[in-house]
Amino acid sequence: MASENSSNNDPNHLQRITLIWIVVSVIGDVLYWFLVGPHVPPGRMTTTAKDNQEAFNVLFLIAFPVLVAIWEYMLYAAINWRSKKAGVPESVGGPKAAENRKLQTSWIVITTVVVLLLAAYGTVEVVVGKGSGGGEGPNPIWNPSGAIKAETAALAGTATWSPNSNAVLPVQVIAQQWKFTYRYPTFGGFESPYLILPVNTDIAFNVTSLDVIHSFWAYQLEVKADANPQQNNVAYTKTLQLGSFVVRCSELCGIWHGAMFNSGNVVSQATFMAWATKTEAANAQNTKVLPPFAWTYTPDANGAAGGYYIDGTVTPYSPSEIYGSKQPGS
Ligand SMILES: [Cu+2]
């Protein structure tokens with residue numbers, strides 16, 4: 001601070017700093033919102049991705065003025081109040097700063113309000129975003145309408161989905177060392193190594209694991225849910241745009257964890273329908289030897305516990321495990 005007797009001739013620093021701060025913050029925020037905001041990852045392929053992008057952009061709008069305030073003050077102080085200029089040997093905080101009630105109160109009030117508003121905003125985003133693409137466990141609190149009905153029907157084997165039906169599409173994500181498999185209960189429960197989804201559709205991901213803990217992370221869909229053995233972890237999103245996306249395992253799960261990824265596509269509802277019905281028919285023989293659709297599966301290599309293969313006996317191996325045996329139903 002300048003010395004007491006010269007303070008009357010000083011320009012009004014606070015006013016000057018405030019003015020610069022407002023101009024730089026507004027210009028920066030406007031440029032960001034229109035030029036950068038729409039391109040921020042993970043894009044807008046799903047409702048959760050779009051919400052995520054918007055939330056990030058709102059946080060940036062709030063954070064940028066704070067950043068500007070700190071940088072600007074440092075720069076302003078270095079230029080105007082460095083010791084040489086002020087004629088003091090070294091810069092020290094004066095009584096003006098230490099006893100400034102107004103400044104201290106404003107600081108506490110402003111930072112408290114910002115933090116509380118962000119907490120409220122984050123909570124609202126989770127609720128409105130139906131869990132925001134995160135795994136909500138086996139009994140999700142926030143559901144898209146019709147989701148519970150679709151999941152109950154999926155388990156009963158009576159779930160259907162067709163274009164323009166507005167029905168929720170349940171998709172099971174089965175993780176194992178070191179791959180993801182996707183099961184479609186509305187199409188006879190066939191399994192696919194590719195995640196194909198129809199556009200403009202609510203998707204209910206039912207994520208589970210056959211062995212260790214994995215995590216299903218479909219980056220461009222903004223869906224991330226832990227895959228735990230014997231658990232059905234549900235996550236929702238709604239597809240909005242056509243395109244391809246990448247799925248990665250995001251939980252260290254063994255030596256080939258880094259290679260545990262695959263990809264998928266959001267396609268038109270008609271294309272999805274054609275793919276699903278064709279794959280259902282092509283896979284019918286294989287689907288028969290799979291365990292019936294369930295929320296979780298017990299890997300049971302020899303079938304002795306009756307969990308994994310439909311051998312229906314207590315013989316050590318199911319027919320499909322005996323080399324050269326006929327496939328059931330063939
Ligand atoms: Cu994994």
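Residues numbered from 1 in each chain as written. Predicted model: local features only at pLDDT ≥ 70, side-chain atom pairs only at ≥ 80, totals over all residues.

Visitor: What should I look at first to understand the overall build of the chain in this one?
Guide: Within the chain, the regular secondary structure consists of eight helices and 10 strands. Pairs at least 24 residues apart make up 65% of the contacts formed inside the chain by residues separated by at least 6 positions. (Helix = DSSP H or I, 4+ residues; strand = E, 2+ residues; numbered from the N terminus. Contact = placed C-beta atoms within 7 Å.)

Visitor: Looking at this model, I keep getting lost on the sheet that holds strand E1 (residues 169-176). Mind explaining?
Guide: Ordered by their spatial adjacency, five strands build an open sheet running E3-E2-E1-E5-E8, and the pairing between neighbours is mixed. Either end of the sheet is taken by a strand with one partner, and the two such strands are strand E3 (190-192) and strand E8 (233-238). Between one strand axis and the next, the sheet turns by 30° as a mean value, whatever way the strands run. Two elements, E1 and strand E5 (residues 202-209), share seven bridges in a ladder whose sense is parallel. Directly across from Pro170, in E5, lies its bridge partner Ala204. (Pairing = 2+ DSSP bridges. Axes fitted to C-alpha atoms, helices over the stretch in contact; angles between N-to-C directions.)

Visitor: What is the right way to look at the sheet that holds strand E7 (residues 223-227) in this model?
Guide: What links the strands of a sheet is backbone hydrogen bonding, and the strands pair in either a parallel or an antiparallel sense. What the five strands build is an open sheet, ordered E4-E10-E9-E6-E7; its pairing is mixed. Among the strands making up the open sheet, the edge pair consists of strand E4 (195-198) and E7. Ignoring strand direction, the axes of neighbouring strands in this sheet form an average angle of 20°. Examined bridge by bridge, strand E6 (residues 214-218) and E7 share five bridges and lie antiparallel to one another. For His214, the partnering residue across the bridge sits in E7 and is Ala227.

Visitor: What should I look at first to understand the nonpolar core in this one?
Guide: The tendency in soluble globular proteins is for nonpolar side chains to be buried as a group. Val173, Ala204, Phe205 and Phe216 are the most contacted members of the largest nonpolar core, which totals 43 residues. With five residues, E1 is the single largest residue contributor to this core. Apart from the residues lying within four places of it in its own chain, the contact partners of Phe216 are Val173, Ala175, Phe180, Phe205, Val207, Ala225, Ala227 and Val247. (Core = buried A, V, L, I, M, F, W, Y, C linked by C-beta atoms within 7 Å. Buried ≥ 20, exposed ≤ 12 C-beta atoms within 10 Å, placed from the backbone.)

Visitor: Could you clarify how one ought to interpret the pairing of E7 in this entry?
Guide: Here is the key point about a regular strand: its side chains alternate between the two faces of the sheet. Along E7, five of the five residues are buried, which leaves the element largely enclosed by surrounding structure. Of the two faces of E7, the one holding Val223, Ala225 and Ala227 and the one holding Lys224 and Asp226 are both buried throughout. Hairpin remark: E6 followed by E7, antiparallel, with four residues in the connecting loop; positive phi at Glu222, about 55°.

Visitor: How do you make sense of the packing of helix H1 (residues 13-36) against helix H2 (residues 47-80) when you look at a structure like this?
Guide: Packed helices, taken two at a time, are described by the angle their axes make and the gap between the axes. Across the interface, H1 lies against H2 with an axial gap of 9 Å and an inter-helix angle of 145°. In the packing of H1 onto H2, the handedness of the crossing is right-handed. Contacts from Ile17, Ile20, Trp21, Val24, Ser25, Gly28, Asp29, Tyr32 and Trp33 in H1 reach Asn57, Phe60, Leu61, Phe64, Pro65, Val68, Ala69, Glu72, Tyr73 and Tyr76 in H2. The class makeup of the residues in the contact of H1 with H2 is 14 nonpolar, three polar and two charged. (Left-handed = near helix turned anticlockwise from the far one by under 90°. Nonpolar A, V, L, I, M, F, W, Y, C, P; charged D, E, K, R; others polar.)

Visitor: What is the right way to look at the pairing of strand E10 (residues 261-267) in this model?
Guide: Relative to E10, E4 is paired through four bridges, and the arrangement is parallel. Across the sheet, Leu195 pairs through a bridge with Gly264, a residue of E10. Across six bridges, strand E9 (residues 243-249) lies against E10 in antiparallel orientation. Bridge pairing links Phe245 to Gly264 in E10.

Visitor: Just checking my understanding: could you explain H1 for this structure?
Guide: Structural remark: α-helix, 3.6 residues per turn; residues separated by three or four positions point the same way. Between its first and last C-alpha, H1 extends 32 Å over 24 residues, near the 34 Å set by a 1.5 Å rise per residue. Of all 24 residues making up H1, only zero are buried, and the element is barely covered by its neighbours. (Expected span 1.5 Å × (residues − 1).)

Visitor: What is the right way to read unusual backbone geometry from this model?
Guide: Most of the time, phi is negative for any residue but glycine, and the peptide bond is trans. For the bond running from Pro41 to Pro42, omega is 5°, close enough to zero to count as cis. Mapping Pro42 onto the fold places it in the loop between H1 and H2. Notably, Asn166 is not glycine yet its phi reads approximately 60°, a positive angle. Examined against the element boundaries, Asn166 turns out to sit in the loop between helix H6 (147-156) and E1. For Asn166, a count of 12 C-beta atoms within 10 Å corresponds to the exposed category. For Gln230, which is not glycine, the phi torsion reads 65° and is therefore positive. Mapped onto the elements of the fold, Gln230 is located in the loop between E7 and E8. Of the residues examined, Gln230 has 11 C-beta atoms within 10 Å and is grouped as exposed.

Visitor: What is the right way to look at the environment of Val212 in this model?
Guide: Among the secondary structure elements, Val212 is positioned in the loop between E5 and E6. Between the C-alpha atom of Val212 and that of Pro229, which follows or precedes it by 17 residues, the distance is 6.4 Å. Ignoring sequence-local partners within four residues, the contact set of Val212 consists of Gln177, Cys253 and Gly254.

Visitor: Help me understand the environment of Leu169, please; the structure alone is not making it clear to me.
Guide: In this fold, Leu169 is placed in strand E1. Sequence separation of Leu169 and Ala159 is 10 residues, and the distance between their C-alpha atoms is 8.8 Å.

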